[in-house]
Amino acid sequence: MTDTLNFTLSNGLGLIQLNRPRALNALDMSMVDGLTSQLQRWEADDSVSQYLMMGSLEKGLCAGGDVKTLYMEAVAAPKGSKAAITRDFFYNEYQLNAFLSDLKKPFSVLMNGVCMGGGMGLAINAGKRVVSETTKIAMPETAIGFIPDVGATYFLSRLPDQVGTYMGLTGARLNAADALAVGLATHFVPQDRLEALLEAAGQEGADTAIARFAEPAEAAGPSELAAQRPLIKRCFSADRVSEIYHRLANEGSSEATAMADVMQTRSPTSMVLALALQRNAEGRSFKECLQLEFNVAQWLFDPNRPEKSDFFEGIRSVLVDKDHNPHWHPIQVDDVSPDTVARALSFPADRIAFL
Ligand code: QUE
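The shown structure was predicted, so the numbers you read here are calculated from the model rather than taken from an experiment. (Residues numbered from 1 in each chain as written. Predicted model: local features only at pLDDT ≥ 70, side-chain atom pairs only at ≥ 80, totals over all residues. Heavy atoms only, no water.)

Peer 1: Could you give an account of the nonpolar core, with specific residues and numbers?
Peer 2: Core analysis: the biggest nonpolar cluster contains 107 residues, and Leu18, Leu35, Phe90, Ile137 and Leu184 have the highest contact counts within it. No other element matches the nine residues that helix α3 (residues 85–101) contributes to this core. Not counting residues within four places of it along the chain, the set of residues in contact with Leu184 comprises Met111, Met120, Ile124, Arg129, Ile137, Phe155, Leu159, Met167, Leu174 and Ala179. (Core = buried A, V, L, I, M, F, W, Y, C linked by side-chain atoms within 4.5 Å. Buried < 20%, exposed > 50% of the residue type's maximum accessible area, 1.4 Å probe, protein only. Helix = DSSP H or I, 4+ residues; strand = E, 2+ residues; numbered from the N terminus. Contact = heavy atoms within 4.5 Å.)

Quick look at the structure:
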């Protein structure tokens, strides 16, 4: 047990609390490893019958991986050499994501507040995924020159109407109603009932408590995304990012223009890689998708690549210097070559030995 994680056992319920609220529960390596080892123990412990994972009721589940620390260690490494953490963090995180997909016992999660990136990787394989009116779900990695990972290649590509392609490329935020409508969430519980839900879960189990506290999806209000789904389907079904831009421009609507404007701020390399991963996901298992993402992540962190990685530049501009003015290379999606994509997806990262 570390101070950034709390584990409590109550009437057979294993409660997992992420407790790093000042960093919006961003996952660092000790948290990833702490979650894995506790869940391994609980899987083997007959006194534990189910799990409930949560972050902070005020702030949310988790903002993603602690990529700022990765950046600091990577830039501190001697030139041409690689900080071990840039491999080990993703390796261990994806292994945890895979382990969560194989849990033998019922697993529920509270997805209130911020639930982004690595937070989605923790939540997506829970059987009951509870959202509230504070929920903000996104895969925002293209904003930092990275790719939607933690299994997003699998779970975004299976969303209806190209919503996953749209989320992965633009980093669009979904609210509770949106998440319920596309299946990223399963239950709605109002924010002011979460405390009582937690109390009840410790008595009767999370499964029963969630079923009892959940309100109909309509209680989550209107899905803003619902009205945009035909547009998203028309434009984000293209297999090239330049074609998505072309279709958005031809739409002529303010919604389509706004989507293209957001894409103009994202890393072109990230968007091209994200689209390639989405289109590569068909027929692949969750774990195969994680392996592909691991290859690409290691390619992005490869210190021996001649071009500067957008990943470093993105983290620098968004999370370190906070100038929000990243200088991407290349700056046009058409200048990201098919060869680059092929090399990134087949980058010789080691195979993940899934637990
Ligand atoms: C895109 C991202 C991330 C992000 C912002 C983006 C991301 C991430 C964080 C984050 C937030 C708060 C923290 C922290 C990291 O922000 O993945 O350490 O305290 O983890 O625009 O992908």
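Following the structure, the description resumes.
Peer 1: Can you lay out helix α16 (residues 338–345) for me, pointing to particular residues and giving the numbers?
Peer 2: In an α-helix, one full turn covers 3.6 residues, which means residues spaced three or four apart are oriented alike. Burial in α16 covers these residues: Thr340, Val341, Ala344 and Leu345. Seen along its axis, α16 keeps its buried residues to an arc of 120°; they face one direction. Structurally, α16 contributes buried residues whose contacts are with α13 (268–280) and α14 (286–300). (Arc of directions from axis to C-beta.)

Peer 1: Describe helix α15 (residues 310–320), naming the residues involved and giving the relevant values.
Peer 2: Here α15 lies mainly inside the structure; eight of its eleven residues are buried. All buried positions along α15 are accounted for by Asp310, Phe311, Glu313, Gly314, Ile315, Arg316, Ser317 and Val318. Of the surrounding secondary structure, the elements contacted by the buried residues of α15 are α2 (67–76), α3, α13 and α14. One side-chain oxygen of the residue at the start of α15 lies 3.1 Å from the amide nitrogen of Phe311, identifying that residue as Ser309. Two residues or fewer past α15, Lys322 is found with a positive phi of approximately 55°. (Polar contact = N/O pair within 3.5 Å; in protein donor to acceptor, adjacent residues only side chain to side chain.)

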